[in-house]
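Summary of the model geometry
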Amino acid sequence: MAQLFKNYINGRWENGVTTGVSENPSDLDDVVGEYARADSNHTEAAIRAAASACDAWAHTTPQRRADVLDQIGSEVLVRKEELGQLLAREEGKTLPEAVAEAGRAGNIFKYFAGESLRSAGERLASVRPGVDVEVSREPVGVVGIIAPWNFPLAIPAWKIAPALAHGNCVVFKPAELVPGCGWALADIISRAGVPAGVFNLLMGSGRQVGQAMVDSPLVDAISFTGSVATGEQILRATAARRAKVQLEMGGKNPLIVLADADLEQAVECALQGSFFSTGQRCTASSRLIVEAGVHDRFVARLRERMLALRVGHALTRGTDIGPVVNRSQLEQNQSYIEIGRNEGAEHVVGGDLLSRETRGHFMSPALFLAQPQHRIAREEIFGPVACVLKADSYEHALTLANDTPFGLCAGLCTTSLKHATHFKRNAKVGMAMVNLPTAGVDYHVPFGGRKGSSHGPREQGRYAAEFYTTVKTAYTFA
Ligand code: NAD
């Protein structure tokens, strides 16, 4: 019997109206679990519970919130191998990647335990005699958290932890494909001393549960990570009712490789950034912009390294690349392979459907030589498909890198301090990497982008306070 994951509403585990099934993309005969699908009535109940719990939680001491978050972080860290197994089984990233993600989630809770205690204000002299001015931060209220499937422990952690640390109540909706990970996190949170209503878990569809959260006048803020289309819809709905909103969406991140770069290091950055986690990362390097002087050598070496990658079951020791998350994402990847061929991009390697011992969504990582106007060089694919664009010079490469509607992150491989410095100043992104893959970021510093990739304040680190608090200015005459 598969485990039934229930919703967590007002401190109780609740059944849904129907149940859904969570599948293992490495082995379609393996059911990870059944989950209770919430509807709009459950959503309303969770939101009302959160709204009722807000005042009391907002006035708890920072020590209490720090203790709760520390306990959650400790349990996640102690159980990171087991949580990593669940993640690898449900989402399909390899076991080492999944265990690392679980560890990261634990560290995020630990970090925000400290942030509860560091929430600072300021006191200023007024421009009027006898008046003092205090500027303080207060919780926003009820925060709706809507998460994607590709980092099912880390992304919920980097939203839930700051929300609770800064005294907010949470209604959390994981993505439909990964209810098991959402439930595991909720189970840990439910045992950490959080009062009823302060944290709620709702599993269900975006259209029903997500939409009801976005539209509810009792939800003061929405933090969303997912696709551009959904993000734009949420932006319109929250703007209409003036709720606070934070959106993290897609990317088409460039990695520039200059002729003076350490070739092995550059190939490693490209391989990691483009194909690890099956390319299912908003920070993936999907445009490799390579200076003409090193272009052919770079492509040959990257091809060689790609051919050596082992694609297979996420839980098998030695697997480098796990499966694609589900059939529709696999079909999307395959359709972009087709689009690339049809628009005249030169196919270098990969993109084949692979069969393994178990029935899973396996494909080999693909590489194309493309032109800047090609769709495969402009649109987010969200799979193990990358393209190489040839550049005449650093300046040309930077122009190509910035020529995109997205602006999440960008990388540069070089040994030139001059170019590295110029790049950090001029890349039109939220995160710039020098001699590192575009994917792979620290948990204590801001995360987010510009242009079509992000909207609203940054996530993570102390910058998270911008979204999860509101500022009050108080005047006293004495
Ligand atoms: P998605 O937009 O389909 O779903 C994201 C979440 O939104 C899910 O929980 C879904 O149920 C919910 N949702 C769907 N419709 C909704 C609606 N009408 N109202 C409210 N909620 C709704 O995205 P996905 O397929 O889960 O994730 C992949 C996308 O996420 C990619 O485009 C990727 O780039 C992006 N992503 C971005 C970041 C980042 O930080 N920038 C990180 C990871 C993933």
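Procedures and definitions
- Residues numbered from 1 in each chain as written.
- Predicted model: local features only at pLDDT ≥ 70, side-chain atom pairs only at ≥ 80, totals over all residues.
- Heavy atoms only, no water.
- Core = buried A, V, L, I, M, F, W, Y, C linked by side-chain atoms within 4.5 Å.
- Buried < 20%, exposed > 50% of the residue type's maximum accessible area, 1.4 Å probe, protein only.
- Helix = DSSP H or I, 4+ residues; strand = E, 2+ residues; numbered from the N terminus.
- Domains from an automatic or database assignment.
- Contact = heavy atoms within 4.5 Å.
- Salt bridge = Lys/Arg side-chain N within 4 Å of Asp/Glu carboxyl O.
- Pairing = 2+ DSSP bridges.
- Axes fitted to C-alpha atoms, helices over the stretch in contact; angles between N-to-C directions.
- Polar contact = N/O pair within 3.5 Å; in protein donor to acceptor, adjacent residues only side chain to side chain.
- Nonpolar A, V, L, I, M, F, W, Y, C, P; charged D, E, K, R; others polar.
- Near = heavy atom within 4 Å.
- Areas by Shrake-Rupley, 256 points an atom, 1.4 Å probe, with all protein chains shown as cover.

1. Looking at the nonpolar core
- Ranked by size, the top nonpolar core spans 87 residues in total, and within it Leu69, Ile72, Phe109, Ile160, Phe199 and Ile222 carry the most contacts.
- At 9 residues, helix 5 (residues 154–165) tops the list of elements feeding residues into this core.
- When we break this core down by domain, the ones giving at least three residues each are domain 1 (4–249 + 453–477) and domain 2 (254–434).
- What Phe109 contacts, discounting residues up to four positions off in sequence, is Leu69, Ile72, Gly73, Ala157, Ile160, Ala161, Leu185 and Ile189.
- By size, the runner-up hydrophobic cluster in this structure holds 30 residues, among which are Ile256, Leu258, Met363 and Cys387.

2. Topic: the pattern of salt bridges
- Applying the stated criterion across every chain yields a total of 22 salt bridges.
- Here Glu264 ties to Arg301 by a salt bridge, and the two come within 2.7 Å at their closest N and O atoms. With Glu264 in helix 9 (residues 263–275) and Arg301 in helix 10 (residues 292–307), this residue pair connects regions lying 37 residues apart in the sequence.
- Classification of Glu264 by relative accessible area gives partly exposed; the value is 37%.
- For Arg301, a relative accessible area of 23% puts it in the partly exposed group.
- Of the charged contacts in the structure, one is a salt bridge between Glu379 and Arg375, with a shortest N-O distance of 2.7 Å.
- The class for Arg375 is partly exposed, based on a relative accessible area of 39%.

3. Thoughts on the sheet that holds strand 22 (residues 431–434)
- If you trace the 7 strands from one edge of the open sheet to the other, you get 15-18-19-14-13-21-22, paired in mixed fashion. Each edge of the open sheet carries a strand with a single partner, namely strand 15 (346–349) and strand 22. Mean inter-strand twist for the sheet, computed between neighbouring axes without regard to direction, equals 25°.
- Contacts between helix 11 (residues 327–342) and the sheet are confined to strand 15, strand 18 (366–369) and strand 19 (385–391), with strand 18 contributing the most and set at about 20° to the helix.

4. Things to note about the domain arrangement of the protein
- If you check the domain split of the protein, you get domain 1 (4–249 + 453–477) and domain 2 (254–434).
- Summarising the inter-unit geometry, the C-alpha centres of domain 1 and domain 2 are found 31 Å apart.
- Listed by partner, the interface residues are 25 residues for domain 1 and 27 residues for domain 2.
- Joining domain 1 to domain 2, the criterion identifies 1 salt bridge.
- Two residues, Arg359 and Asp29, come together in a salt bridge whose shortest N-O distance is 2.9 Å.
- Along the contact surface separating domain 1 from domain 2 lie 10 residue pairs in polar contact (both at pLDDT 80 or more).
- Sorting the residues of the side of domain 1 that touches domain 2 by element identifies strand 5 (27–37), helix 3 (80–91) and helix 4 (95–118) as the ones contributing at least two each.
- Within the side of domain 1 that touches domain 2, the residues separate by chemical class into 9 nonpolar, 8 polar and 8 charged.

5. Let's talk about the site of the ligand
- As a structural note, the neighbourhood of the ligand is formed by 28 residues, with Ala147, Glu176, Ser227, Met249 and Glu380 the closest of them.
- In the model, an oxygen atom of the ligand is placed 2.7 Å from a nitrogen or oxygen of the Ala147 main chain.
- Contact between the ligand and Gly226: an oxygen atom at 3.2 Å from a main-chain N or O atom of the residue.
- For the ligand, the protein covers 88% of the area, taking 850 Å² as the surface of the free molecule.
- Among the secondary structure elements, those contributing two or more residues to the shell around the ligand are helix 7 (206–215), strand 11 (221–225) and helix 8 (228–240).
- Here the residues of the shell around the ligand are counted per class, giving 14 nonpolar, 10 polar and 4 charged.
- Two domains each provide a minimum of three residues to the shell around the ligand, namely domain 1 (4–249 + 453–477) and domain 2 (254–434).

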